[in-house]
Structure formats: structure tokens, C-alpha cells
Amino acid sequence: MYCSLAILLLSAASILAQGTYYTAPNGTSINSCGTSGPYMARALMAPRGAINSGEAVLGNITFMQAAAGQPTTITGQITGLTPNVMLGFHVHQLGDLSNGCDSALEHYNPRMKTHGDLTNPNRHNGDLGNVQSDANGVANINKQSDLLALIGPESVIGRTIIVHRLMDDLGLGGTAESLASGSANGRSACGIIGQLRPT
Ligand SMILES: [Cu+2]
């Protein structure tokens, strides 16, 4: 309650001073009073490409970070996948889907690391390994990453989560492409990670 009051007063003061609302970058103003979480976000994934591939891959992914500095859990489901396969799953750099999933560019990698598995400390912030589809082409996701943040300078809010057409080789393929992308190839579906109302 005190937080809400403080934000209200700050907004009112800002209006009086500048005639505009105060807006923090990256949508963090909702939680600008201290660092208390949890911070929540969601991405609704769909095929987006310059050429319609005919895929019907859909995903609903929820992100939750209890507090700044804590790991983020990534849960949800992707449907319409090829049955019984592993497929690369990452957060990519931009929230730009103007040319489909491709315009999200490469993996989100603010620390300039090489690509690796979710268990490898030497990996991109956006590296989340693979998802596993079942016999019905459904992947149920429950992952956790200590390099994936919803608050702070390395926040993934406004960036894009992607499921690929091939397995991520986790940087072990012995090629430059493997160390950059896991050679997971094309992009089946993607969605922009949007901030949710704090719970
Ligand atoms: Cu990717």
C-alpha cells in the first residue's frame, strides 16, 4: 500500500513538474518501490515468418522470478511440434518480429559468452537447452535459469523466446555455428516476453 501511495505521489509530482507521467525504462515502474517480487512475464508463441511454413506450433510460456538476483523459472506448454524430438529453446536478443521470428536476431548474450547448455555456467543468458516433445507433439516445460532475469540491466522483458526446428547441440557440435547457436536451425514459433501485473 505504501508503495502504491509513493508511486501515486511520484506521478502527481511529475505531472506538476513536467506535465507528463513518470515512466521508468523497461516497464519497471510497477515495481520501482524496492526490489520486492515476484516478477512475472508471459510469452504467447506462434509461427511468424516471411514465408508461411504451414506449421501450427503454439506456446504459452510463463516466467517467474521471486526477487532480483534469484533464478527465474520458465514453465508452460508448446503444442503442434514434431512428435518425440528435442528442439532448441532460447531467449533471443530483440523483441522485433517485423520480419517474423528471424528479426529477433541471435541469442540474448550480454556477457559475450559462447553457447552452452542450461547447466553450463559458460553460456548465453538466453540459453535454455532443448524442449522435449511427446508422442502428441506437446512439450511441457519446467526449467530454471540463474542467468535469465526479469528485472535489472539484463532483463529479458521485451525480448523474444523461440523454439527451433532442430535440436540444440548445446555448443558441442565442433563448429563455429554450434558455439553460436547450437545449430538449432530455423525458427518454428516465437513470442515476445511481456511483463505481467505483479502477483
Ligand atoms: Cu534460438
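Residues numbered from 1 in each chain as written. Predicted model: local features only at pLDDT ≥ 70, side-chain atom pairs only at ≥ 80, totals over all residues.

**Thoughts on the overall build of the protein**
Thought 1: Summing up its helical and strand segments, the protein has 2 helices and 10 strands in all.
Thought 2: In the protein, the succession of helices and strands from N to C terminus is α-β-β-β-β-β-β-β-β-α-β-β.
Thought 3: Looking at the 199 residues of the protein, the share that counts as buried comes to 36%.
Thought 4: Partitioning the intrachain contacts of the protein with sequence separation of at least 6 by distance along the chain shows that 64% fall at a separation of at least 24. (Helix = DSSP H or I, 4+ residues; strand = E, 2+ residues; numbered from the N terminus. Buried ≥ 20, exposed ≤ 12 C-beta atoms within 10 Å, placed from the backbone. Contact = placed C-beta atoms within 7 Å.)

**Some remarks on the nonpolar core**
Thought 1: If you look at the biggest cluster of nonpolar residues, it comprises 33 residues, and the most contacted ones within it are Met45, Ile161 and Val163.
Thought 2: Mapped onto this core, the elements with two or more residues apiece are β1 (36-45), β2 (58-67), β3 (72-79), β4 (86-92), β6 (127-132), β8 (160-164) and β9 (187-192).
Thought 3: In terms of residues, this core owes the most to one element, β1, which gives 4 residues.
Thought 4: Look past the residues within four positions of Val163 in its chain and what remains in contact with it is Met45, Val57, Gly59, Ile78, Leu87, Phe89, Val131, Ser188 and Ala189. (Core = buried A, V, L, I, M, F, W, Y, C linked by C-beta atoms within 7 Å.)

**A closer look at the environment of Gly116**
Thought 1: By the secondary structure assignment, Gly116 is in the loop between β5 (98-101) and β6.
Thought 2: Taking the number of C-beta atoms within 10 Å as the measure of exposure, Gly116 has 19 and is therefore partly exposed.
Thought 3: Remark: the alpha-carbon pair of Gly116 and Gly129, spanning 13 residues in sequence, is separated by 7.7 Å.
Thought 4: Among residues more than four places away in sequence, those in contact with Gly116 are Asn122, Arg123, Asp127, Leu170 and Gly171.

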